[in-house]
Amino acid sequence: MNGLGVVYGGVIFLAWLGSLLGLLALPLSQISLWGWVLAVLGRTFLQTGLFIVAHDAMHLSLFPRSPRINHRLGAIALGCYGFLSYRHCCRHHHTHHRQPAQVGDPDFHDGTHAHPIRW
């Protein structure tokens, strides 16, 4: 692996930041309905991209030669994605991989707890 993930992650981050600043600078009344549709779809795509960058960082695949760079970039991406704690998400993500689809997997629904918040 050659660290091309860092380049792709950087492009996603810069597009995310540029679209955020660009849309914040526009007066709301000057955006057409189709402009809004494109903005929402584009920003949704870029938000998903930020999460994928954080996920790849958790697996140390953004820049395989440096876990430190992976974790820093992952923390930035996850922070921009939703102000989430990278350390907390990384710990739970690795638990998910150790115990997939069973009790102990933080993403597993046991079928007993129906309340979405308690689950």
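Above this text is the structure in question.
Residues numbered from 1 in each chain as written. Predicted model: local features only at pLDDT ≥ 70, side-chain atom pairs only at ≥ 80, totals over all residues. Heavy atoms only, no water.

Now for the packing of aromatic side chains. Going through the model one piece at a time under the given rule, you end up with two aromatic pairs. Taken together, a centroid distance of 6.0 Å and an interplanar angle of 25° make the contact between Phe13 and Trp16 stacked. With a gap of three residues between them, Phe13 and Trp16 both fall in helix α1 (residues 4-25), about one helical turn apart. Overall, the relative accessible area of 26% leaves Phe13 in the partly exposed class. Note on Trp16: relative accessible area 8%, which makes it buried. (Phe/Tyr/Trp six-rings, centres within 6.5 Å; stacked < 30°, edge-to-face > 60°. Helix = DSSP H or I, 4+ residues; strand = E, 2+ residues; numbered from the N terminus. Buried < 20%, exposed > 50% of the residue type's maximum accessible area, 1.4 Å probe, protein only.)

Within the largest apolar cluster, twelve residues are counted, these being Trp16, Leu46, Leu50, Val53, Ala54, Ala57, Met58, Leu62, Ala77, Leu78, Tyr86 and Cys90. Non-local contacts of Met58, meaning those with residues more than four positions away in its chain, are made with Leu78, Tyr86, Cys89, Cys90, His93 and His94. (Core = buried A, V, L, I, M, F, W, Y, C linked by side-chain atoms within 4.5 Å. Contact = heavy atoms within 4.5 Å.)

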